[in-house]
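Tertiary structure, described
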Amino acid sequence: MSVSLTWRAAIVSGALFACLILAWHVATQGSGTAATMDPEYAKLMGATATQGKSAMPGPLEVGEKLWSHIKRPFYDNGPNDKGLGIQLAYSILRVMIGYSLAVFVAVPAGFLIGMSPLMSKALDPYIQVLKPISPLAWMPLALYTIKDSSLSAIFVIFICSLWPTLINTVFGVSQVRKEWLNVAKTLEVGTFRRAFTVILPAAAPTILTGMRISIGIAWLVIVAAEMLVGGTGIGYFVWNEWNNLSIVNVIVAIVAIGVVGMILDLVLARLAKLVTFPE
Amino acid sequence: MSTFDNPFDARRGLNNTGCSCGHHASQVEHDRAADLRLQAVTPDVSEEKAYENIVASAVMRKLFPQDVGRRAFLQSLGASTALAAISQFFPVKAATEAFAAFGPVEKKDLKVGFIPITCATPIIMAKPMGFYEKYGLNVDVIKTAGWAVIRDKTLNKEYDAAHMLSPMPLAISMGVGSQPIPYTMPAVENINGQAITLSIKHKDKRDPKDWKGFKFAVPFDFSMHNYLLRYYLAEHGIDPDKDVQIRAVPPPEMVANLRADNIDGFLGPDPMNQRAVYDGVGFIHILSKEIWDGHPCCAFAASKEFVTSMPNTYAALLKSIIDATAFAHKAENRKQIAEAIAPANYINQPVTVLEQILTGTYADGLGTVKKDANRVDFDPFPWQSFAVWIMTQMKRWGQVKGDLDYDKIAKDVFLATDTAKLMKEVGLTPPTTTTKTFVVMGKPFDPAKPEDYIKSFKIRKES
């Protein structure tokens, strides 16, 4: 039964995709009628003006462009023109550094806060104030104080992906069942051993959920950060193509961002599955 | 007309008055006729040859103060014989070698930031066309996301120098909108080259008096675009602060907003004016040269610290920029330049669009092909009176308040004397003064009396 469900879902997905592409194709057909113009003048004008071509690219154009990027993902024509693969690699690298730092800080800190109700109450207002600050609000401050655009981008990833992991760790640690802690106490388990053998495994699923939210946020943030500082990365690619008013390439980048974001989420979901336990 | 001509070309004039051959009413017309005759000139004359030309230029100018004499001399002997003849009594070779030697550069690998607009042409083309290499530098030109980012990245030394809007180094030095940091502007990138573009739906509203309630975009608050648009509107009786809305919008968004009917027009940098025409969403109302012919726009800027701590690097870099600017000035090179700067690594625009801007043969968006060889021009000399004019407009529109020491700020930021020295070294004839008067929309500007100038305007912000 489950196999047939998968198949049926696949068919519905495929049908939806086909409808979407068809609608897109029809919507971007354009009038197709050539405007009457002096030929010398027409030579100086773009296809939108001369042939009534739609300003919005159709699915065929996007597909073609996407294929040309996939065929040549790693070309390097100097500092301002690199392949889509290289740009994505830069972004992923930045996300990985900022995100790892965030996890490295958030999990131990969350552990300590979660184990101490006093600290939890005392630090809560700070966390609540810092949590909702947009990455773009941090960016000028980071650029101005860190004085390095690459480090600034990493800092922004760090500061924005810190909070979900921290809050979830605090929650997971503070919600460990009282009975388990009591058992540990009666067995006279030391603090460290208790933390690693009882609390960590019990809180792991919640921590991983936090980390999964964090990676999503980190991936959202990197595009905005790179658009702002430029240089390299998929966000820069979008900005660069926008400068060129090349909507085809902007759509290609959007697709790439979505796919990479999905892959990152899938990896974290797999990890979460590894540490969940049945109760 | 130009300071950039070959001294051994009998058809060209070395002195800056009128047409060089005497057959045309103006130099512009002469150049146009010459364009038909001249094949595209290849840029890479060997380095030695270039220096030799430079030295010879100076010698020829001394020998023949009147162009008529030089021309007669050249026509009777032929260029190469003439050079040989002069070498008899002036050691051109030795002087060339002495001239080519300048101190070793302190830093060879440099980063120069730019915004992808045609105003940056000399900075950009110097890379693919080898002008940086010629002066012993390895420069990376880095595309940058916006004016504020350019400012921050040069301030924190990620960039050694950058493409800026002429008013920016002034604003940074004066501490308007940021901490005051001594900044310099040793070269103007381009003169003219902007336009007022209106949405195609306003094609019947060509009189600015009908523009009340319009929404306009300019690229940055501290930009020639902002001041020129305000000036133009005010001259037509429209108060730019009350009757219309002027917003700072990044250039690519200008075209998108025009398409989305979100703004009525903009005074923006190219390629966006031409791009709006190319995409059929706008038309060019006037070129900015019709407001002020010869106005400066973008600039090559560096921090004072860079200028003083690495004098040789700075000199080499500025020489390459000046040299590239001289090359870009020549109409016959423009097509070649359009091709060099069109790729994704640089401006990233269709070649047709760039060619229309640089050659000045363009579609106006209303169905006519227009020709104006000086639509955009390149001249590096940073006239200090330009700086004074910019400051009068900053004060006129309330960006700065109180008394300004116009002359001192202009001298500190617009390094005209430095530029003049280096222009001589690359074989050009810089002007002998650092200020000049000019006319903006029929109204003469005297840099010696900036306050009177401000007071003479009916529409201005009360201060």
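Residues numbered from 1 in each chain as written. Chains lettered and ligands numbered in written order. Predicted model: local features only at pLDDT ≥ 70, side-chain atom pairs only at ≥ 80, totals over all residues. Heavy atoms only, no water.

Examining a nonpolar patch on the surface
Residue and element names in this part refer to chain A. A surface patch of nonpolar side chains, about 790 Å² in accessible area, is lined by Val255, Val259, Met262, Ile263, Leu266, Val267, Leu271, Leu274 and Val275. Within the secondary structure layout, Val275 lies in helix H12 (residues 247–275). When its relative accessible area of 31% is taken as the criterion, Val275 is described as partly exposed. (Patch = residues over 30% accessible without salt bridge, like charges linked within 9 Å, V, L, I, M, F, W, Y side chains within 5 Å. Areas by Shrake-Rupley, 256 points an atom, 1.4 Å probe, with all protein chains shown as cover. Salt bridge = Lys/Arg side-chain N within 4 Å of Asp/Glu carboxyl O. Helix = DSSP H or I, 4+ residues; strand = E, 2+ residues; numbered from the N terminus. Buried < 20%, exposed > 50% of the residue type's maximum accessible area, 1.4 Å probe, protein only.)

Some points on the confidence of the model for chain B
Interpretation of this model should avoid reading the predicted coordinates in detail wherever pLDDT is low. Residues and elements named next belong to chain B. Confidence along chain B averages 81 in pLDDT terms, with 78% of residues attaining 70 or more. Across residues 33–45, confidence stays below pLDDT 50; counting only partners more than four residues off in sequence or on other chains, it has 13 contacts. Overall fold confidence for the complex sits at a pTM of 0.77, while the interface term, ipTM, reaches 0.77. (pLDDT = per-residue confidence, 0-100. Contact = heavy atoms within 4.5 Å.)

Some details on the pattern of salt bridges
Residue and element names in this part refer to chain A. In total, this model carries 21 salt bridges over all chains according to the counting rule given. Between Glu179 and Arg177 there is a salt bridge; the shortest N-O distance is 3.8 Å. Residue class for Glu179 comes out partly exposed when judged on its relative accessible area of 44%. The exposure class of Arg177 is partly exposed, given its relative accessible area of 38%.

Overview of the packing of aromatic side chains
All names here are of chain B. Under the counting rule described, the total for this entry stands at 18 aromatic pairs over all chains. Where Phe131 meets Phe327, the ring centres are 5.6 Å apart and the plane angle is 50°; that geometry is what we call tilted. Of this pair, Phe131 sits in helix H7 (residues 131–134) while Phe327 sits in helix H14 (residues 311–329), placing them 196 residues apart in sequence. Of the residues examined, Phe327 reaches a relative accessible area of 11% and is grouped as buried. A connected cluster of aromatic rings, assembled from ring pairs, spans Tyr231, Trp292, Phe386, Trp389, Phe438, Phe445, Tyr453 and Phe457. A cation over a ring is seen here: Arg396 above Tyr231, with NZ or CZ 5.4 Å from the ring centre. Its guanidinium or amino end placed over the ring of Phe457, Arg396 lies 3.7 Å from that ring's centre, counting from NZ or CZ. (Phe/Tyr/Trp six-rings, centres within 6.5 Å; stacked < 30°, edge-to-face > 60°. Lys NZ or Arg CZ within 6 Å of the ring centre and 35° of its normal.)

Focus: the sheet that holds strand E8 (residues 245–248) of chain B
Residues and elements named next belong to chain B. An order of E8-E7-E9-E6-E10 is seen for the five strands of this open sheet, with the pairing classed as mixed. Each of the sheet's edge strands pairs with one partner strand only, and the pair in question is E8 and strand E10 (282–287). The sheet shows a mean angle of 25° between the axes of neighbouring strands, taken without regard to direction. For strand E7 (residues 215–218) and strand E9 (residues 265–269), the ladder comprises two bridges, and the chain directions are parallel. Its bridge partner lying in E9, Ala217 is registered against Phe266. (Pairing = 2+ DSSP bridges. Axes fitted to C-alpha atoms, helices over the stretch in contact; angles between N-to-C directions.)

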